[in-house]
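# Secondary and tertiary structure notes
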Amino acid sequence: MAKKIVTALVGAAVLGFGATASQADTLSDVKAKGFVQCGVNGSNLAGFGAQDSQGNWTGLDVDLCKAVAAAVFGDATKVKYTPLSAKDRFPALQSGEIDLLARNTTWSISRDTQLGFDFRAVNYYDGQGFMVKKELGVKSALELSGASVCVQSGTTTELNLADYFRSNNMDFKPVVFEAQDEADAAYNAGRCDAYTTDASGLYSIRLKMANPDDHMVLPEIISKEPLGPAVRQNDSKWLDIVSWSHYAMVAAEEFGITQANVEEMKTSANPDIKRFLGEEADSTIGADLGVPKDWAVQIIKAVGNYGESFERNVGEGSPLKIARGLNAQWTKGGLQYAPPIR
């Protein structure tokens, strides 16, 4: 009898898991409604997720949303954006309000397990830093003992801040805000001595200050912040499409394929490039992903390769002028690396 009960329970558990997994089919839902609902930064974070006066969205994360839409529909405009705060971003993904979270979000073990999300691709390798007013006379974060520090709640930043000061035997006064805009305004008004968040965010926030040149980002990077898109767990088909949309941009840069030459590159004699661009007659890569054969071509036409997207949004071609650093190709000392597309 005990054996029968155990067998029944195991069977029920397996059936229950199967039911849950079968319900997780974001790709079918996206195709049925005709667009991707993408959760982005609601605080107009220049370079990553920002909306202009005409309602147009731009940024590195926004380009990823467009890339996914281009892969699925062959049309990068088939995206609807949901602006989200740090506090609201996770419930929005968990509830199904959005299909994809691309909001400068750090991949961590707790988010990968406790929150029920899946991460894979990293579209920006970042680290937490500090910004201060030059008049403070501080050249290093190690000189901030006793300082008041503006920080946003509900982020890894808040935890890293406490760890850094404790490990260096320094005191500090956290000035915590739920919304990034509130933290920006408080720092600008002089309510805290320093501001801490991801270094890329600091460069963006610095541009919002009344006099950006009066502020400086200190040299210390106190954490690892791999930023990337998140999807709900148990939805491997959708995770594949989101991840490979990023990898396609990285691979295109490595292959030397750009927005300008992608059509010309279709005639390349390189078998890897032909396979990548869907020009091999027997290639099933697109079909295996659940997208059209020319999915990579559509991504590159829409947003360019990763290097083009980086330079346009956060690099030398942008007001932020952030160096590639860790986000350079693996062949140039960086960490951006696409697995083989074959």
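Residues numbered from 1 in each chain as written. Predicted model: local features only at pLDDT ≥ 70, side-chain atom pairs only at ≥ 80, totals over all residues. Heavy atoms only, no water.

This next bit is on the nonpolar core. The biggest cluster of nonpolar side chains holds 58 residues, and the ones touching the most others in it are Trp238, Ile257, Phe276, Leu277, Trp295 and Ile299. Element by element, the count of residues in this core is highest for helix α9 (residues 236–255), at 11 residues. Ignoring sequence-local partners within four residues, the contact set of Ile299 consists of Ala67, Ala70, Ala71, Ser245, Ala248, Met249 and Gly304. Within the second largest apolar cluster, 14 residues are counted, among which are Val138, Ala147, Ala194 and Leu218. (Core = buried A, V, L, I, M, F, W, Y, C linked by side-chain atoms within 4.5 Å. Buried < 20%, exposed > 50% of the residue type's maximum accessible area, 1.4 Å probe, protein only. Helix = DSSP H or I, 4+ residues; strand = E, 2+ residues; numbered from the N terminus. Contact = heavy atoms within 4.5 Å.)

Now for the sheet that holds strand β11 (residues 194–198). The strand order β10-β9-β11-β8-β12 describes an open sheet built from five strands, whose pairing is mixed. A strand with exactly one partner marks an edge of an open sheet, and here the two such strands are β10 (172–177) and β12 (215–217). Taking each pair of neighbouring strands and ignoring which way they run, the sheet shows an average axis angle of 30°. Of the pairings in the sheet, the one linking strand β8 (residues 128–133) to β12 comprises three bridges and is antiparallel in character. From the neighbouring strand, Lys133 faces β12, where its bridge partner is His215. (Pairing = 2+ DSSP bridges. Axes fitted to C-alpha atoms, helices over the stretch in contact; angles between N-to-C directions.)

Okay, the pattern of salt bridges next. The full count for this structure, using the stated rule, is 13 salt bridges. With its nearest N and O atoms 2.8 Å apart, the salt bridge here joins Asp99 to Lys33. In this pair, Asp99 sits in the loop between α4 (89–95) and β5 (100–101) while Lys33 sits in helix α2 (residues 26–33), placing the two residues 66 residues apart along the sequence. A salt bridge links Arg275 to Glu280; the shortest N-O distance between them is 3.7 Å. One network of salt bridges, with partners in common, ties together Asp272, Arg275, Glu280 and Arg342. (Salt bridge = Lys/Arg side-chain N within 4 Å of Asp/Glu carboxyl O.)

Let us look at the state of the cysteines. Per the counting criterion, the structure on display carries two disulfides. Two residues, Cys38 and Cys65, share a disulfide whose sulfurs are 1.9 Å apart. Here the disulfide of Cys38 and Cys65 is left-handed, its torsion about the S-S bond being about -55°. Of this pair, Cys38 sits in strand β1 (residues 36–41) while Cys65 sits in helix α3 (residues 60–73), and the two are 27 residues apart along the sequence. If you count the bonded cysteines of the protein chain from the N-terminus, they pair up as 1-2, 3-4. (Disulfide = S-S within 2.5 Å.)

The topology assignment puts Ala194 in strand β11. Residue Ala194 is classed as buried on the basis of its relative accessible area of 0%. Taking C-alpha positions, Ala194 is 9.7 Å from Val217, a pair spaced 23 residues apart along the chain. Look past the residues within four positions of Ala194 in its chain and what remains in contact with it is Met131, Val132, Leu144, Ser148, Val149, Cys150 and Tyr187.

Under the feature "domain: Solute-binding protein family 3/N-terminal" (unreviewed entry), the UniProt entry names residues 35–265. Between the end C-alpha atoms of residues 35–265 there is a gap of 29 Å, over a span that is 35% helix and 24% strand. (UniProt positions renumbered as here; feature names shortened; annotations may be inferred.)

The geometry of an aromatic ring pair is captured by the separation of the ring centres together with the interplanar angle, meaning the angle of the planes. Tallied over the entire structure, the rule returns 14 aromatic pairs. Summarising the aromatic geometry, the rings of Phe130 and Phe165 are spaced 6.2 Å apart at their centres and angled 75° between planes, so their arrangement reads as edge-to-face. Separated by 35 residues along the polypeptide, Phe130 in strand β8 and Phe165 in helix α6 (residues 156–167) bring together distant segments of the chain. Neither residue differs from the other here; Phe130 and Phe165 are each classed as buried. Ring geometry for Trp244 and Tyr247: centres 5.1 Å apart, planes at 70°, overall edge-to-face. Of this pair, Trp244 and Tyr247 both sit in helix α9, separated by three residues, roughly a single helical turn. According to the relative accessible area criterion, Trp244 is buried, its value standing at 19%. Clustering of aromatic rings is evident, with ring pairs tying together Phe48, Tyr124, Tyr306 and Phe310. It is Lys80 that lies over the ring of Phe35; its NZ or CZ is 4.2 Å from the centre. Cation over ring: Arg324 sits above Phe310, and NZ or CZ is 5.2 Å from the ring centre. (Phe/Tyr/Trp six-rings, centres within 6.5 Å; stacked < 30°, edge-to-face > 60°. Lys NZ or Arg CZ within 6 Å of the ring centre and 35° of its normal.)

Turning our attention to the environment of Glu158. Residue position: Glu158 is located in helix α6. Sequence separation between Glu158 and Asn270 is 112 residues, and the spatial gap between their C-alpha atoms is 48 Å. Among the polar contacts listed, one links the side chain of Glu158 to the backbone nitrogen of Gly154, at a separation of 3.5 Å. (Polar contact = N/O pair within 3.5 Å; in protein donor to acceptor, adjacent residues only side chain to side chain.)

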